[in-house]
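Overview (structure and organization)
Spelled out from the first residue to the last, the chains are:
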Amino acid sequence: MNAWSKVEVLILDDFLIRPISPDAASDTLEVIEDRHGLRSTILTSQLPVANWYASIGDPTIADALLDRLTTNLHRIELNGESMRKVVPLDRPTGIRSGRTPRMRKINRRSRTVTRKEVR
């Protein structure tokens, strides 16, 4: 864990996608605490911040973790459909052809397909 504290940019992807154990919560706090104010941490999560307390379990650790993460924070909250719902129709044919790849967006409820050119 000491090595994680010294990495210039630490990326925690899909943070708290499922509840974590008390030991994992303590370890995460320790790493974030060691990095606080010294190095960059990028954190992505599909779980709303309001639900982090339940996922972390211990409210004291959750408070300490959120306190360190929200100091000097740049928060980007994305809305809308997942980009995973955009599926390529065909592969790019290369620069020489001048064609752009076509994409289709699938509306899962109505099963309609919207096509658009990607630039």
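Heads up: the structure comes first, above all this text.
Our subject in this report is the structure included herewith. (Residues numbered from 1 in each chain as written. Predicted model: local features only at pLDDT ≥ 70, side-chain atom pairs only at ≥ 80, totals over all residues. Heavy atoms only, no water.)

A few points about helix H2 (residues 22–35)
- Between the first and last C-alpha of H2 there are 20 Å, a value that for 14 residues agrees with the 20 Å anticipated at 1.5 Å per step.
- By the burial criterion, the buried members of H2 are Ala25, Thr28, Leu29, Val31, Ile32 and Arg35. What you see down the axis of H2 is that its buried residues fit within an arc of 165°, all on one side. Away from its buried face, by an angle of more than 90 degrees, H2 presents the exposed residues Pro22 and Asp23.
- At its buried positions, H2 is contacted by helix H1 (2–6), strand S1 (9–12), strand S2 (40–43), helix H3 (52–56) and helix H4 (59–69).
- Note on H2: the residue one or two positions beyond its end, Gly37, has a positive phi of about 80°. (Helix = DSSP H or I, 4+ residues; strand = E, 2+ residues; numbered from the N terminus. Expected span 1.5 Å × (residues − 1). Buried < 20%, exposed > 50% of the residue type's maximum accessible area, 1.4 Å probe, protein only. Arc of directions from axis to C-beta. Contact = heavy atoms within 4.5 Å.)

Topic: the pairing of S1
- Alternating positions in S1 separate cleanly, Leu10 and Leu12 being buried on one face and Val9 and Ile11 remaining unburied on the opposite face.
- Here S1 pairs with S2 via four bridges, running parallel. Bridge assignment links Leu12 to a residue of S2, and that residue is Leu43.
- Following the chain from S1 across H2 to the adjacent parallel S2, one finds a crossover that is right-handed. (Pairing = 2+ DSSP bridges. Right-handed = clockwise from strand over helix to strand, strands pointing away.)

Description of the side chain of Arg35
- Mapped onto the elements, Arg35 comes out in helix H2.
- No salt bridge forms around the buried Arg35; measuring N to O, its nearest opposite-charge neighbour Glu8 is 7.0 Å away.
- A polar atom in the side chain of Arg35 sits 3.4 Å from the backbone oxygen of Glu8.
- In this structure, Arg35 is in contact with Trp4, Ser5, Lys6, Val7, Glu8, Val9, Leu10, Ser40 and Thr41, ignoring residues within four places of it in sequence. (Lys, Arg positive; Asp, Glu negative; His and termini not counted. Salt bridge = Lys/Arg side-chain N within 4 Å of Asp/Glu carboxyl O. Polar contact = N/O pair within 3.5 Å; in protein donor to acceptor, adjacent residues only side chain to side chain.)

What to know about the layout of surface pockets
- The calculated volume of the largest pocket comes to roughly 1,400 Å³.
- Leu43, Thr44, Ser45, Arg75 and Ile76 are, among the 37 residues lining the largest pocket, the residues nearest its centre.
- The element contributing the most residues to the lining of the largest pocket is S2, with four residues.
- Among the residues forming the lining of the largest pocket, the class breakdown is 14 nonpolar, 14 polar and nine charged.
- Empty space within the second largest pocket amounts to approximately 300 Å³. (1 Å grid on protein atoms, 1.4 Å probe; cavity = no way out; pocket = protein on both sides within 12 Å on 5 of 7 lines; lining within 4 Å. Points joined across faces, edges and corners; volume = space filled by probe spheres on them. Nonpolar A, V, L, I, M, F, W, Y, C, P; charged D, E, K, R; others polar.)

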